[in-house]
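A closer look at the structure
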Amino acid sequence: YLANDPRYGEIWNMIYKEYELTRRNIFKLSGNTELMANYPVEQQSVQMRERIVLPIITIQQYAMAHIRQLEEQLAQPQQKETFEKLVIRCSFGIINAGRNSA
């Protein structure tokens, strides 16, 4: 989604390229083909957390995009306020998922 964003696409693509480069180099150095291959319990914990967090992040991203639209349209503050609350509550869910998986 952000890769095609006119404002943030360039920086997102730079970060993603660095991520891919880092991943390739970790695999070369470790001889592994997946991240955390030597730590299966921790790897499973991260995978479980991701199944919880990804939908919450998707909802949060939608709410933030909607806030930007409302700001451009100079919409009523009440409409924007509802989506701002959604962003904050999603943050709580993301934080809790991280804490509970430690």
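Right above here is the structure, for reference.
This write-up is about the structure you can find in this document. (Residues numbered from 1 in each chain as written. Predicted model: local features only at pLDDT ≥ 70, side-chain atom pairs only at ≥ 80, totals over all residues. Heavy atoms only, no water.)

Examining the nonpolar core
Rule in force here: For the purposes of this section, nonpolar cores are sets of buried Ala, Val, Leu, Ile, Met, Phe, Trp, Tyr and Cys residues that join through side-chain atoms within 4.5 Å. Relative accessibility decides the category of a residue: with a 1.4 Å probe and only protein chains considered, values under 20% of the type maximum give buried, values over 50% give exposed, and everything between is partly exposed. Strands are runs of DSSP state E lasting at least 2 residues, helices are runs of H or I lasting at least 4, and numbering of each runs from the N terminus.
If you look at the biggest cluster of nonpolar residues, it comprises five residues: Ala 63, Ile 67, Leu 70, Phe 83 and Val 87. Put simply, the parts of the chain that give this core at least two residues each are α2 (40–72) and α3 (77–100).

A short note on helix α1 (residues 9–30)
To be explicit about the condition: Each helix should span, by expectation, one fewer than its residue count multiplied by 1.5 Å.
In a regular helix each residue adds 1.5 Å, so 22 residues correspond to 32 Å; α1 covers 31 Å between its end C-alpha atoms and thus fits that length. Positive phi appears at Gly 31, one or two residues downstream of α1, with a value of about 80°.

Some words on the environment of Asn 38
With respect to the helices, strands and loops of the structure, Asn 38 is situated in the loop between α1 and α2. For the pair Asn 38 and Phe 92, spaced 54 residues apart in the sequence, the C-alpha separation amounts to 31 Å.

Describing α2
Spanning 33 residues, α2 covers 47 Å between terminal C-alpha atoms, matching the ideal 48 Å at 1.5 Å per step. Those residues of α2 lying buried are Gln 43, Val 53, Ile 56, Gln 60, Ala 63, Ala 65, Ile 67 and Leu 70. Within two residues after α2, Leu 74 carries a phi angle of roughly 55°, on the positive side.

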